[in-house]
Amino acid sequence: MKVNDFERMMAIGLSRRAILKTGASLGAVAAAGSVLGPFGAVYAQDASLRSQILQVPGVGKGSPTDADWQKVGEMCLEATKKNVKQGEFAGVELSFMGLNNQNLHNVLFRGFLKPWEEYTGAKITWIDLAQADYNPRLQQAIATGTVDFDILEMGAPFEGDVCGKGLASEVPDWVKAQIDMDDYVDYLKAPVGTWDGKTYRISVDGDCHNFNYRTDYFADADLAKAWKDEGHEGEWGVPKTWQKVQEVTKFLKGKSIGGMEAVGYLDAPKAWGGFGFYFLGSRATAYAKHPDDKAWLFDVDTMKPRINNPAWVRAIQDVIDALPSEAGDQLNADPGTTAFQQFLAGTGSMVSWWGDVGASARTSDSSVVGDTIGFDILPGSDDVYNSKTGQWDKLASGPNHAPNMAYLGWGVYVMARVDSDEKRKKAAWSAAAHLGGKDLALWTAAYPSGFQCYRKSQFDIKEWVSAGYDEAFISSYLASQLNSYNHPNAAIEPRIPGIFQYYSVAEDELAKIFAGQATAQAGADAIAAAWEKITDQLGRDKQIALYKASLGA
């Protein structure tokens, strides 16, 4: 599909409802029956299983607890029982490394896998890492070759470092069948999760940044009047371009809504272990990702960085210009702060984030904005930089959109160190498959988990509405993800070795820029110079070949 055709469909509202209504739930044809869980509960093993797990604990009934995670894990255990006998892994001990930020990720995995441990006899020990500590810890294991874990929660960008160095175990065929890989959204199918034609990943997440906004702000009559009185162009409403995001953010400075200080966009200037770079990326992709060019981070033929070209420098300058109009101490806000301590807690009217914001809005005790939140793909830009001509282009189709497929989602990987022991290998892959199960995926997308939709079967609106979600809310939320995944100009992240080395160096230099120690251009030039050194250290010709392969160029 051509970009201008897609944009026209978006403009007349076809894609949201037409796409979302096409897929009927596959669970509706499941055979009826029941199974006795290891804790004594009887659960129906038919189409109602998916509706049953969505009632644990129930939308609008507060944050899920460990008891809820264990219950859901038990309810989804039937797929394991078809491939594993009770007690088959007695005596097996496995270690699992992953995140624990926001008390999600590994914290949920523990609960999901508790009934799996009870049934199989295996035991799991946990290595929990904060977001900022994850990349250094993983890079240390990669650099030294001292892998001290059997199962790893990891994003696809690291596959060049881990799978490319032979550190991971290949997914067995029985696991592929158990988890139904064909159900993955298309952008998460091969080559994502593969290396040299072999599959290494079980997806548990699909990643893109979407645009979260406060509907009450953009329906407020007083703000609408002030917007008009001050002579702003166009009607007061949700910004569709980054140019308007900037204008709205500066406009809201000094104003109030509902007796509270009004705040516009929420940037995340503070470093976050390399992951903070994604948030500058979401500001930059509409400027930097041209519809006629698959590349946006590096030149394809040379690996010359684009981070210091006019598109990226504009995005950096946007942050500099917006920060004085944002919340008081925004310079010290990392992405976790912007989402969970600010936006969901009622501060700010716009934030770009992964799907966690929408998933938490009506299911987390910490959210106060569940009834006043809307979603869309990331804003576009009135023009887009053409790296081939060195000019800014205005597209005939209108603003350029380029959704940021930030991180390509979390997956579960098994390390090659278990391959010499068939019992441990099967146990490790069984645990991974349980976490990557089709029904469990629906629950993790609907409740706070750290994960968002990654399967086609998760986009059945009827299932979400029956769980208690408002149809307009969930339609908007899911559409913001699906329309990002399917966008013909999506900015796809390259799965090349050292990608987080590039990001971490960038974060260090960006901190200096945002603190006023360097201009946007000088700081971007410093990042580019550092990136060139990393590329030379890793081997330029090798990086070029892998970069081209990742882009399909």
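Residues numbered from 1 in each chain as written. Predicted model: local features only at pLDDT ≥ 70, side-chain atom pairs only at ≥ 80, totals over all residues. Heavy atoms only, no water.

Where an unreviewed UniProt entry is consulted, the protein chain appears under the name Sugar ABC transporter substrate-binding protein, with the organism given as Neorhizobium lilium. Heading Sequence similarities (unreviewed entry) of the UniProt record for the protein chain holds this comment: "Belongs to the bacterial solute-binding protein 1 family." Listed under Subcellular location (unreviewed entry) in UniProt, the entry text for the protein chain is "Periplasm". (UniProt positions renumbered as here; feature names shortened; annotations may be inferred.)

Participant: Got a minute to help me understand the pattern of salt bridges in this structure?
Facilitator: Here the idea is simple: oppositely charged side chains can pair when their charged atoms come close. Under the criterion given, the structure shown has 29 salt bridges. Here Lys 225 makes a salt bridge to Asp 229, at a shortest N to O gap of 2.7 Å. Here Lys 225 pairs with Asp 229, and both are found in helix α10 (residues 221–229), just four residues apart, close to one helical turn. Of the two residues, Lys 225 and Asp 229, neither departs from the other in class, the shared state being exposed. The salt bridge involving Lys 240 is made with Asp 376; its shortest N-O contact spans 2.8 Å. Here the residue Lys 240 occupies a position in the loop between α10 and α11 (242–252), and Asp 376 occupies one in strand β13 (residues 373–376), the gap between them amounting to 136 residues. Overall, Asp 376 belongs to the buried group, its relative accessible area being 9%. One network of salt bridges, with partners in common, ties together Arg 50, Asp 439 and Glu 463. (Salt bridge = Lys/Arg side-chain N within 4 Å of Asp/Glu carboxyl O. Helix = DSSP H or I, 4+ residues; strand = E, 2+ residues; numbered from the N terminus. Buried < 20%, exposed > 50% of the residue type's maximum accessible area, 1.4 Å probe, protein only.)

Participant: Is there a simple way to think about the layout of surface pockets in this case?
Facilitator: If a probe the size of a water molecule is rolled over the atoms, the empty space left behind becomes visible. Of the voids in this model, the second largest pocket is the one considered here, and its volume is about 530 Å³. In terms of lining residues, the second largest pocket is bounded by 26 residues, among which Ile 492, Ala 549, Ser 550, Leu 551 and Gly 552 are the most central. Secondary structure elements with two or more residues in the lining of the second largest pocket: β6 (194–195) and α22 (540–551). Taken together, the residues of the lining of the second largest pocket break down into 12 nonpolar, six polar and eight charged. The residue makeup of the lining of the second largest pocket includes at least three contributed by each of domain 2 (78–205 + 408–481) and domain 3 (210–402 + 496–551). (1 Å grid on protein atoms, 1.4 Å probe; cavity = no way out; pocket = protein on both sides within 12 Å on 5 of 7 lines; lining within 4 Å. Points joined across faces, edges and corners; volume = space filled by probe spheres on them. Nonpolar A, V, L, I, M, F, W, Y, C, P; charged D, E, K, R; others polar. Domains from an automatic or database assignment.)

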